[in-house]
Structures are given as structure tokens and as C-alpha cells.
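Architecture at a glance
Here is what each chain is made of, one letter per residue.
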2 protein chains.
Amino acid sequence: MKRILQEIDPFRLIQTGIDHSENRPAESIMSLGNGYMGARGNYEEDYTGDTLKGLYIAGVWMPDKTRVGWWKNGYPRYYGKVINAPDFLMFHLYVNGRRVDLAHTPIQSFRRVVDMHAGVMEREMVLCTERGRLKIASTRFFSADVKQIACMTYAVTALDDIGAVAVETGLDADVKNTDANYGEQFWELRALEQGERLYLESETIENPFGVPRFTVGFTARIQCAGDRVRRACTQGERCVFHRFEADLGAGDSFRLEKLVSVVTTRDIPHEGLAAAGDGLLAQAEGDGMDVLRQRHEAAWARRWRLCDVTIDGDTAAQQGIRFNLFQLWSTYDGSDERLNIGPKGFTGEKYGGAAYYDTEGYCFPMYLATSAPDTARKLLKFRYNTLEQAKENAAKIGMAGALYPMVTFNGEECHNEWEITFEELHRNAAMVYAIYCYTEYTGDESYIRDYGIHVMVEIARFWACRASYQPDKDCYMLLGVTGPNEYDNNVNNDFLTNYMAKWCIEYALDWVQKLSYPLDGEEARKMREVADKMYLNYDPETMLFSQQDGFMDKDIYPAADIPEEELPLCKHWSWDRILRSCFIKQADVILTFYYFPGRFTLEQKQANFQFYEPLTVHESSLSPSMYSTVASACGFEGDAYRLYQRAARLDLDNFNADTEDGLHITSMAGSWIALMHGFAGMSYQGGRLSFAPRCPEKWGQVKMRLYYRGRLLEVRFTADEFSCDLLEGEALEIEVNGTPYLVQGRCRQTLR
Amino acid sequence: MKRILQEIDPFRLIQTGIDHSENRPAESIMSLGNGYMGARGNYEEDYTGDTLKGLYIAGVWMPDKTRVGWWKNGYPRYYGKVINAPDFLMFHLYVNGRRVDLAHTPIQSFRRVVDMHAGVMEREMVLCTERGRLKIASTRFFSADVKQIACMTYAVTALDDIGAVAVETGLDADVKNTDANYGEQFWELRALEQGERLYLESETIENPFGVPRFTVGFTARIQCAGDRVRRACTQGERCVFHRFEADLGAGDSFRLEKLVSVVTTRDIPHEGLAAAGDGLLAQAEGDGMDVLRQRHEAAWARRWRLCDVTIDGDTAAQQGIRFNLFQLWSTYDGSDERLNIGPKGFTGEKYGGAAYYDTEGYCFPMYLATSAPDTARKLLKFRYNTLEQAKENAAKIGMAGALYPMVTFNGEECHNEWEITFEELHRNAAMVYAIYCYTEYTGDESYIRDYGIHVMVEIARFWACRASYQPDKDCYMLLGVTGPNEYDNNVNNDFLTNYMAKWCIEYALDWVQKLSYPLDGEEARKMREVADKMYLNYDPETMLFSQQDGFMDKDIYPAADIPEEELPLCKHWSWDRILRSCFIKQADVILTFYYFPGRFTLEQKQANFQFYEPLTVHESSLSPSMYSTVASACGFEGDAYRLYQRAARLDLDNFNADTEDGLHITSMAGSWIALMHGFAGMSYQGGRLSFAPRCPEKWGQVKMRLYYRGRLLEVRFTADEFSCDLLEGEALEIEVNGTPYLVQGRCRQTLR
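In this report, the structure presented in the accompanying data block is examined.

Analysis parameters
- Along each chain, numbering runs from 1 in the same order as the chain's sequence is written.
- Each chain takes a letter, starting from A, and each ligand takes a number, starting from 1, following the order in which they are written.
- Predicted model: local features are reported for residues with pLDDT of at least 70 only, side-chain atom pairs are reported and counted for 80 or more only, and whole-chain, interface and lining totals are derived from all residues.
- Values shown for side chains rest on all heavy atoms present in the structure; no hydrogens or waters enter the calculation.
- Secondary structure elements follow DSSP: runs of H or I of four or more residues count as helices, runs of E of two or more count as strands, with numbering from the N terminus.
- To superpose the copies, least squares is applied to the C-alpha atoms of every residue with a pLDDT of at least 70 in both.
- Any two residues whose heavy atoms approach within 4.5 Å are treated as being in contact.
- The criterion for strand pairing is that DSSP finds at least two bridges linking the strands in question.
- Think of each axis as a best-fit line through the C-alpha atoms, taken over the contacting stretch in the case of a helix, with angles from 0 to 180 degrees between the N-to-C directions.
- Oblique is the label for any angle not covered by the other classes, which are roughly parallel (under 35 degrees), roughly antiparallel (over 145) and roughly perpendicular (65 to 115).
- Note: crossing handedness is left-handed where the near helix turns anticlockwise from the far helix by less than a right angle, and right-handed where it turns clockwise.
- Residues are sorted three ways: Asp, Glu, Lys and Arg are charged, Ala, Val, Leu, Ile, Met, Phe, Trp, Tyr, Cys and Pro are nonpolar, and all the rest, Gly among them, are polar.
- A simple way to read buried area is as the amount of 1.4 Å-probe accessible surface that goes missing from two parts once joined, with both sides added.
- The rule for a salt bridge is simple: a side-chain nitrogen of Lys or Arg has to be within 4 Å of a carboxyl oxygen of Asp or Glu.
- Nitrogen and oxygen atoms within 3.5 Å of one another constitute a polar contact, given that in protein one can donate a hydrogen and the other can accept it, and given that sequence-neighbouring residues count only through two side-chain atoms.
- Side-chain rings of Phe, Tyr and Trp, where Trp is taken by its six-membered ring, are said to pair if the distance between their centres is within 6.5 Å; with planes under 30 degrees apart they count as stacked, over 60 as edge-to-face, and otherwise as tilted.
- Accessible area is worked out with a 1.4 Å probe on protein chains only. A residue is then buried under 20% of its type maximum, exposed over 50%, and partly exposed in between.
- A ring is considered to have a charge above it if a Lys NZ or an Arg CZ atom is located within 6 Å of its centre and within 35 degrees of its normal.

1. Digging into unusual backbone geometry
With an omega of -10°, the peptide bond between A:Leu567 and A:Pro568 qualifies as cis. Tracing the backbone shows A:Pro568 in the loop between β25 (544-545) and α12 (569-572). Within the chain, B:Tyr351 stands out as a residue other than glycine whose phi angle is a positive 65°. Tracing the sequence through the fold places B:Tyr351 in the loop between α3 (315-331) and α4 (358-370). Phi at B:Asn654 takes a positive value of approximately 50°, unusual for a residue other than glycine.

Set out below in C-alpha cells:
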């Protein structure tokens, strides 16, 4: 655990200096995005230290052709890669004709702040150049109001008599991915225009997979305020810049305002690209930087009104949950049904694809509960719209029905490890689980009726086909799977997978009946049989569910006995050693208890938590939040608190030593789950909203909001008291620890 | 099963036409090599049809940097790639100024023959060019006498009045691997010289792994016999040629003789390369083509004298075994201790590395029995010399002792699939098994004493460390392994692996005692305990050994029920489907019976053969030979015969539909095993050579030779009679079906 930023603040990210050894993690943390585009917190100036350049446009990607060793039949054809877009954020700074490199320039003061409430980055620093001190003040935001617009300011003030200072900024397509094999460049330049307005158009390179290419048009205008500043246009092979140059005596300054519009052929036909970008930019210029910023902040304020969480008495926990919410809404806000929640959002290039089961398994509840149902519905529609590809994906592995991809941009599987893509099947159940959550939470059955039922039946069909019958034990088994615990592969009868497969079939058959959905009787009978006879490995004596067949044969000892220097295991142990060990990457059996809190006894939850938690190394960012949630249900307050802290500040404190690659966006939603479903004990199954709060002793009051069936509710709880306020909408009956209340104004329960 | 060559001949490979749809498999089959270098049977002329260019130099390779998706800690740093060397075999043919492309030129007659006894390829064909008929006669061989020398002749005769005919031949470094990611070229040109003698020197490109680069010097001289042939030198950026041109009327001809020397920095310091190549070439020129060929054929004749096998009454079986022996000796002849037996030899670029456990598990017995012990000893020394790397390899996965690589050139693991490199551990036992075979067969204990014991102890140490104790069952288990059956991965307690691990420890401890090898008492006790308590999954009722834990939970049905169009599974089923199926790629439990014929009862062998053989799809070339061998031991003559045919003609008849990628060199030795250990029932454990012959009814006499402890023996057997002749050396006591004989001249036993 290492704190990356130097200060902790409830609503801001504050960096007070450049720690060259932690620069990449800091860049990750200072990332900004508006759902349409976003960037890592790279400095405006050149920086030759450890850096990962990252600027990304949602839904723009490349199929990577790289293959290794021994390809297997049925492998996805390509790896879908998040690609670095042409750069428009840099301001190359020159003093006395030499380019300033922040990695080698003494810095007198540095303060960079991301105001998460406003969604704006501001930085002020004083550099000690060879000619004297230079103050730089800059801001950056991606408009949450007009998504295609990025806004920057960059002001230079000489504190000493410096002389020639120049700033070069514009559009630059000379970018590569760090993970590009053979240093491939993913962009072909299509147009480069200079003048008052700069224009760069680039298209993703050809690919042999029939994946559509994307063309992006970037239009930039830079305004300069300052005396005697010379402006010139410079152009390289793949870039175009304006260069601003002035001789600055002590106290002299100039200030740049840069607006960029970014439009793509995802939305606009190729021939209209330049005009569309121009139009948007002209509009933005007309509004002016102040108005743009106002509207941007107002858009963020509207979000915070519904989703904000306060935790009194623990600034670290407070900052953690706000950071997570900020990054989630920066990544996805439900405005484009074709998009999804990339696991690194706009903060890194690691992991391909933009849609994982994380969306349904982790992110869905937060979007469902803290915004209008339309957002959650769009996430469901993403899957419905790719049902055909999911059916093809199942067919590719010889199965009936639908298998949703493990990783995708467009519905086609685009990751290439068999142990994940072909075997990590529980993701298929998460698709159904999200439909179930939506329906139970909103009470709106129209989604299932119009769309969901098709998805549900195809997924049930897949499970029934994938299960194999074991005559000696008279049961159905799921052989050769990988559970959520990715620290084992190709196991038989992963508990969570079997349990959810059974549930998926049952849930689908319930709705088939309710909706009189046409399903062949023989097929329905077979499905029912598979569900009824699904093998579940349970030992009534110990009350333990075996994570998989043979798990109890492992050499079992607690993770606490692993020498400190061997952690994280994924960076120190070879893969086979991890696989055969008893150590669990992330919640597996325990995840089942989160998904289905009402189907297991308290004693079962406790026994399994006490058995599995000590074996869990939480090396997936998805793990601690689930364990925290279930710990709350078990009444294990200490564990719940400890694991929440880890979940909430996973990246801020770089728990898994990989924040440098980008943030763990999707898992951030887990901390909201741990608060709402864990500490507040919220559940809504069966059409009644209920709470079973258990606030950690160390905290003061926790305050959260819920948008539930047209009402805006605010719940507050401490270790001693729970209350619920109705802020909008009609009176509502809720339950707190089993006692019903009618919430009109406020209801309140004393907890001890 | 598809016969690739049009004719079957006992000692020759005969191709009587170009079948464009089967050209690549035919190229594989017509490959030549001399242990030092070799090439696929590519045509001399250009061919734009389906072709895989391949010319390789033993021990010259490249570490490939390509990585995919999610790298895991402990993965090998690179994939060791067999690379295509600069070409010196091509003769570009021009008629009337246009390059002849065999893929689009009508061919009146075509006959290409590889005489396996002589080790020479000869081809005669008549082309129908736009100007009339042209006869081409060519020969090719890689000298088995002076390994650095390649010899070619190329004669052109006009059958009609053709006019301008030209032939261009020389040295060409413009070559790529087909499997190169991003079309990488692996060679940097270092020198290119023209004149009477052509010289090309190229070096493998830089790599970031500290793997030594190789420089190769090619020197060529071409002599021309013919009237009015104009010779010119032409040079490209990466190639240099001599061009021979003449106007040919009907009956006119010219003939080229080309000699090439190939020297590398593996043997000669860089600065001496050109001179060394020159010297060798001058020597060869002095000898002349006829003498070179004579000596080459004599070298082959010496080999055949010891290793030849005849099978009367079955030309297909006869050709099969000779083809296999021919290719094995072309790949490896024991003259260089740093080399090993590449799985594709000089016939393709698929699979990295040059040393697999195939060497010890499959090839070793043939080299041991059909040549002086020095050859087999060199193979053992290869492993002894890389013991340090094997210890590093074990350390990389957190283990004590030594783990020999799955794939290597130089001792370092160079293949990058965890399920193979980290988990397919049985290979480690094969290293010890070869030492055991050598010692038992030769009676020479000096290898163990001087070298082998170190290898054996380190391997025993590895097994003892890798096994984990299971307290409930009071036994040791090997979790997370891949058995020889690579159609399952990450299984617990693969039977063969557990059995061999146990045996390895016992064998090592025996020798530790015999040699009073210094081994810590506590460590020895722990090793002994692991061996004693090694878990072996056996059901006394059915007499079945379970291939792995959970195998019996699979959906079990015979491979015969798989629809024809879904075979081979590896090309039609996705990997996960293969993994969870009951279908077995290659001998696993059954392999144990081959390794340890005396440790299982006939009934056990029969029961397991009858259970596992129907589940086996033999999609590894290593499979049918072992099943055949064990079938002989079981008395299942029909199976033994059927599986032998598949093993012996695996590539000739393209059983696994992948001969196009190259030949399955190492598995070719399996057919010798099936003959000698299967049909002849030869064994030598305990210091006595014994036979239990069971000749297939369909065959006449089978005749094989054995070089055993200074004697040359010839065994002959039919279904009715067995005989053994002593051709060289002192009298020897052998056993035939339990009856002892003293072989002085001939001993004979009637079998029925």
C-alpha cells in the first residue's frame, strides 16, 4: 500500500509535487474523461521520465493481429485493443530555444488539483529554468455538456527576466501504444490543415478481420492573450502546431486558450467530419471558455446530486468512494447505447475491449440506483443488441444458445486466452443477473418482455447444452471451466458457475411460463432437468461449498503465511504455482452470497467466509468489495471495514501495485456495493426496499442517495441510528431490520 | 488418410507429378538434411502455388519477442524460433526473358525421386513453355561426408527450338519465415561479394534477450558445361546471382554444377568465416561432384548397415519405416553434442526449439540400438551440459532441483504456453528414463557415475519439492499438471506423471546408495516418503488407472462416435471443448506400460488398453506407435498392426492433416519402437537381451539389426519363426520367449 498523492481531501485529488518514481500511478489517478473521450493525467509539457501517454476516444479501437506459439482452433481472431488517439493536450514549452523536460527541470513549486465535483484539472507550478523562474498555470477539462469539446488553458508568467519563451501546441498523430508489438502505429493520416484553425484527420489502419475502420477529425483553435506574442504555424509529417513566442521580462506573461472538437465516423459520415468539427468548435468559441466551464460543472453537479456519498470522520474513505464515482461517471454515463464501461476507462491501454461482465456484475447496481432507469436499461440493451454475436460465440465452441463474450467492443469476443474466453462462463449468468436486478429494482417488466426474455432463453439454452450428465452420480456437471477466481483454470464444477447456471435456467423458465414464451416442451423439460440435477459440491458437516472439485486436495494454509516479499503473487510466483496453490484471486464461493443473499443461511455464509477469506489474496480489484459486502452480512464488522478500505482506495493507495497501468474502473463500483448492499444492508428483491444497516464504529454518519421508482431517497446511518428521507416523489414503504416504515418525510430507527 | 506421393517404393520416394493441392505436404516429404543443414523439397524453380519455403541450419535460431494479451510472471522471455536461412537452392529459370513459374507452366512429364539409400534427390521433367518443350534434370544433396557442403546440378535441354533460355542461381538473403509476426526479416546482411565465387554473409538480427547472434557465411561456385553460354553476375540488395544464358535450338543444352559451403560462427570465429568457407569449397571443387557424391552415399550406406529394417510383403510398411529412419538420421547423427533432434528437423518452421522430451522418450532407443553408444551418450550429455539451466528453470517456478525445459535450443525454456512449459512435467522423468535405458542397454555405468547421478538427484529433488501432501488421504499429490495427453491441462494427479515421479526418486535413491553419493539424510528421507506415498489412482475392481482425478466424471463415449467431419478435433473443436471431452490426444496411462513393461500385469495392460484406446484420437504423432507397442504386449495383434501402419506412414499418408507444416521427425522413432519393442518384443532390462516376437500375420519376414555391447545382431521373425544372427562380436546369451540361447552363429525358435 502506497499513497500516490501527497494530500488527502474529501472532494479533490491533490498532487503537490512530482515524484518521479510514482509518476505513472499519479498520471492514472489524475485522469479525466467525459464518457466520449478522456485522458491520463499526462503533463502538458514534455516529460522523459516514466510516463504512459494516454488519450482515448470511446468506441475507437483496433483489432490486433499478433499471434503467438501454438494457436488453437476456435481462438478469437484478434485481440481488441484500446488505442492511443492523436494528441491534442500537449503544450511543448521552450525556454531560450530549448524544450523544457519536466523530468530534468528543477521545480520550485507544483500543485495540481482535480476538483472532482467540478470535473476540472488545474495546475500551478514554478519552474527554475536556466534563465530564471517561470510560472505556469493550466487547466483542462473534457466537457460533460458538449462531449466532443475539450478545453484547455495554459498561461506562462516570467518571474525573472527570462527572455525567449515559446509554447507549441496543436494536433499530433505521431502516437503509439506502449503495448504495440513491433512499435506499430495505429493511425493513418488523412488530412492535415493549418491556418487559424488546425485540422487533423486520421483513420485507423487497415485490418484483415473486416473490423470497421474509424476516422477521427480533430479541429483546434488556440487564442492568445498577451503582448508582443508572435504566432507561427509549424507542420511536421504527422502533426500541425501553432507556436507562440515572446520575450518575457520579469512579470511578463501570456495566456493560451485552446478548444478542440473531436468527431468520429462512429457518429458522422466521413465526408461531413470536418464541417461537423468546425461547427461544434465555432459554437464553443461563441460560448467562450467561462460558459463552457459553467455548463460542464453544472452537468457534473446534476450527477453528484443523485450519486454522492458522504462518510463523516474518515477523509480517506470519503475520498475513495468519491474518486470511484467520479471515475465511473467519467467513463460511462449512459448517453451512448453502443458503448460500455471499459475496465481501464480512459486511464490506460491495458486489457482489450470495453465490455466485461464487470459491467453487469459490479457496475450495474450503482448505475441502477443513482440515476434514472434509462442508464441501466442502456447497459442491458448493449447486450440485447449483441445477442447474435453471442450466439455465434456459443456456436464457435460447439454450443447451442448464447455465450456472451468475456471481452468485447462490438459483441464479438476479442480476447485470446482460452482459459478466460472459453472457460470463464459465469459471465453469461451475470447478463441474466443484471436483467433480474433491473426488473426487481424498477418493477418494470417491459424490458424482459420486449428484450430480456430472448437473452435469458438463449443463455439457459447454452447452460443446458454445456452441462454434461454424470451417470454414477445422476447429476449434471460443468467440466472445464474457470470460475471468477482466475487463480485456477480448467476446473470441474466451479461452485458459483454451477449455482448460477442452475439459477439462470430456473429464472428463464419462470419467465417463459409467465410470458407464455414459445419454447419447445422437450427442450424445457431438458433445461429443467439440468437445473434440478445440477451438481453442487456441499459438505453439510462443515457447511463448506467446495470452490471446485479437488479444491480440498490442495495444500491449504493461510495467505498470511506467504512471505511479504512474495506478494502480490502474480508478480512473484509463476503461473502454475499460483494455479496449484490454495490461494484465491477473488471472490468465488463468496460472490455467490452477494448475488443471492437470501438463499444461504447466516451460518453457511460465516463458515465459508471464515474458510475462504484467509485463502484470498485479493489480487483482482474485484475482490475486496465483495468480501466486504458479505462480511457485513456475516456480522464481521472488522473484516467489512478493512476490506472496504482496500476496495475504496485500491488505486489511490496502489494496493495491487499496478495503478501505473491505469485505474480499475469497473471494480470501483464494488465500493459502492459494499456501502449500499454491505454497510447499509440494502436489498430490493421481491419488490420491497429494505435495509439492514451496520455502520463501522470508526465512522460517523454515512449518507447515500437512491433513485428508486421515481423517488429520490437519502439514507443516513451511523452505528447507532438509521434514517431515510424522501427528497422527491411519492411516499414509499420500506423495511429496516424487518420493521416496515412508510417514508413520507423522514423515517428513523435507533439501532442500539 | 491421403497418400501424398503417387508411387510406393521400398527405398525411394517417388513423385510423378505436381499435385498443386498437395504441394506443401509433398515438399515436406521430399526434405533432405545432413544433421548440419537441410531443406524442404522446394522446387528449384519459382513456384507461386501453395508452398512453404524452408532451408535451415542446425543450431541457428532467433528468440522471438512477440507477446500477447496478459503476460504472466515466470513466462519464458521469448519463443525460440527455427528460422529460414538465406537461400542457395533456387535456380530461377527464364524462357524468352520470362521467369518460369511451375505453378502456371504445363508440365509434360515430371519425376522426382529421393533415393533414401543414397540420400540424393533427382528430378527430371519436361516443361511445355510458350516456345516449346524444355527438359530439366537436376540433383540435390547435402553431403553426409563433409557437412558444410551442399551439391546441386541443373541441366537444361531444349526439345524444341526454344531460343533464349536463362538460369539464375546464387545466394539470396531475402527470406522470411511464414510465421513471422509483422513480416519480420531475421537476417542482416554483412557481406555480399561477386566474382567467380559468390559470397554472402548474414547475421541474425539483434535481440533484447542476450541470446547470441549467429553469423553464417555462404560461398558458392557454379560451373557451367555447354556451348555459347553467356555468364553474367547480377546483384540485388540482399542477393547475388550468376546468370547463364544461351539460345537453345532443339537438342541444345547446358548443365550447371553448383557447390555451396555453409559455415557459421557456431564453429568458426567471425573473422575466419569467409576463409573457412573458401577452403571447404576449394577442397570440394578439387574432389569434384562425382567423388563428393560417392563419399556421401558411402556415409549413408554405413548408417543403413546398422539401422536398416526390412518388412517383407508390405511395401507401404517397408517404405514407412525406412522413410522414418532416413529422416531421423538426416536430422541428427550425433556428430555435434550441442545439437538435438528438432521436432520438425529441417522440414518446417513450426514449433520452436530443437530439443523436446521426444528425444529421450522416443528417439533415444533407436539411436541407442542402431549405432555405437557414443551417439546416445551425446544425447545424454546435451542434458547434462544444460543442467544449470534446468536448475534455473525450476527456480523460476519456485521449485528446488532441476526442471528440464519442454522446448529449448540451449537449455533455457523457450516456449511460452504455461499449460505446457510449466505443467507438462513428465518430461523431466524422460531425462532419467534415457539414462536408465543407456545404462541397462550398454552395461556402462560410467555415465551415471560421471554425469547422470547429478541430473538424477536434481530431478528427484524437483519431484519431492513439487509434490504436495494431502493429510486426509495421507499421500503426496502432483496438482496442476499436464500429462502427455495434451488434450487436458492443469489436472491433478496425472497417472503417468505421478508414476514416473515416484520411479525417478526411487531410481535416484538406488544410485545414491550404490555410489555413496553425498545426499543429506533428511532430504533422502523426505524423497523416500514422497515416493512411498505417491498417490496413484487405481480401481482394483476395474483394474483401471484413472488418467487423472475426475477423468471418470467426463462424458465418456468412443471416438468412433465422433462424426467424420469433426476430425481431427484440433482443427474442428474449440480448445475448451477438447479439454472437457473424454478424448485423448496421445498415450498417457498407456505410455506408462511402454516405459515400464515389467511392472504391470497382462490383465492390467489389457483392461486399460481396452478402456483408453477407444477414447484416443491419436492427434499427436507420438501416440499410435506407443499404442501399437503396448497392443503387441497385450496380444492385440490387429490393433498393433493398425496402429503401427498409422505410426509408420503418419506423414507419408498425412494422417493428421498437417504434414504441410513439415514432418513429425521425433515421433518417427516411435515406429522403430513399435517394431523392436512391440513386434519383436525386445527388452534388455536386468542385463539380458530378450525377445517375445509377435509378427503380424499380414507380413512376411521382418529383419532388424541391433548394435548391442559390441555385437552386431540381426533378428528375423515371421509369425512362425524367430532367429538371431551374430554378425560381429563375441557370443551372447539371449532369451526368446523365456528360453535362453547362446548366440554364436544363428539361433532359431519356432513360434508355433
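2. Comments concerning the relation of the copies chain B and chain A
Here chain B sits on chain A after a turn of 180° about the axis and a move of 0.1 Å along it, with an RMSD of 0.1 Å. Accordingly, the operation relating the two chain copies is best matched by a two-fold axis. When the interface residues of chain B are mapped onto chain A, 100% of them are again interface residues, pointing to one common binding face.

3. Regarding the pairing of strand β17 (residues 215-226) of chain A
Residue and element names in this part refer to chain A. Looking at chain direction, strand β16 (residues 197-204) and β17 are connected through seven bridges and run antiparallel. Bridged to Tyr-199 within β17 is Thr-219. The sheet contact formed by β17 and strand β20 (residues 253-264) spans eleven bridges and is antiparallel. Looking at the pairing, Ile-222 lines up with Lys-258 of β20.

4. Let's talk about the packing of helix α9 (residues 446-466) of chain B against helix α10 (residues 495-514) of chain B
Geometrically, a packed helix pair is captured by the angle between its two axes and the distance between the axes. Residue and element names in this part refer to chain B. For the pair α9 and α10, the least separation of the axes is 9 Å and the interaxial angle reads 135°. Taken together, α9 and α10 sit at an angle that is classed as oblique. With respect to the hand of their crossing, α9 and α10 are arranged in left-handed fashion. In this structure, α9 uses Ile-448, Ile-453, Met-456, Val-457, Ile-459, Ala-460, Trp-463 and Ala-464 to contact α10, whose residues at the interface are Thr-497, Ala-501, Cys-504, Ile-505, Tyr-507, Ala-508, Trp-511 and Val-512. When its residues are assigned to classes, the contact of α9 with α10 shows 15 nonpolar, one polar and no charged.

5. Brief notes about the environment of B:Gly59
Position of B:Gly59 relative to the elements: it lies in the loop between β5 (55-57) and β6 (61-64). Along the primary structure B:Gly59 and B:Tyr36 are separated by 23 residues, whereas in three dimensions their C-alpha atoms are 8.4 Å apart.

6. Observations regarding the interface of chain B and chain A
At the junction of the two partners, chain B supplies 55 residues and chain A supplies 55 residues. Counting the surface lost from both chain B and chain A, the interface buries some 4700 Å², and carbon and sulfur atoms represent 53% of this. Inspection of the chain B/chain A interface yields two salt bridges. A:Asp553 is paired through a salt bridge with B:Lys473; the nearest N and O atoms lie 2.9 Å apart. On the surface where chain B and chain A come into contact, there are twelve residue pairs in polar contact (both at pLDDT 80 or more). When residues of the side of chain B that touches chain A are traced back to their parent elements, those giving at least two are α7 (418-421), β22 (468-470), α12 (569-572) and α13 (575-580) of chain B. Here the side of chain B that touches chain A gets five residues from one element, more than from any other, and that element is α13(B). Taken together, the residues of the side of chain B that touches chain A sort by class into 18 nonpolar, 17 polar and 20 charged.

7. Describing the packing of aromatic side chains
Counted by the stated rule, this structure contains 105 aromatic pairs over all chains. Look at A:Trp329 and A:Tyr367: their rings are 4.8 Å apart centre to centre, the planes differ by 65°, and that puts the pair in the edge-to-face class. Note that A:Trp329 is positioned in helix α3 (residues 315-331) and A:Tyr367 in helix α4 (residues 358-370), a separation of 38 residues in sequence. Ring geometry for B:Phe691 against B:Phe722: centres 5.1 Å apart, planes inclined by 35°, an arrangement best described as tilted. Of this pair, B:Phe691 sits in strand β26 (residues 689-691) while B:Phe722 sits in strand β29 (residues 721-728), placing them 31 residues apart in sequence. Classification of B:Phe691 by relative accessible area gives buried; the value is 2%. Take B:Phe722: its relative accessible area is 0%, and that puts it in the buried class. Here the basic side chain of A:Lys258 rests over the ring of A:Phe91, its NZ or CZ set 5.3 Å away from the ring centre.

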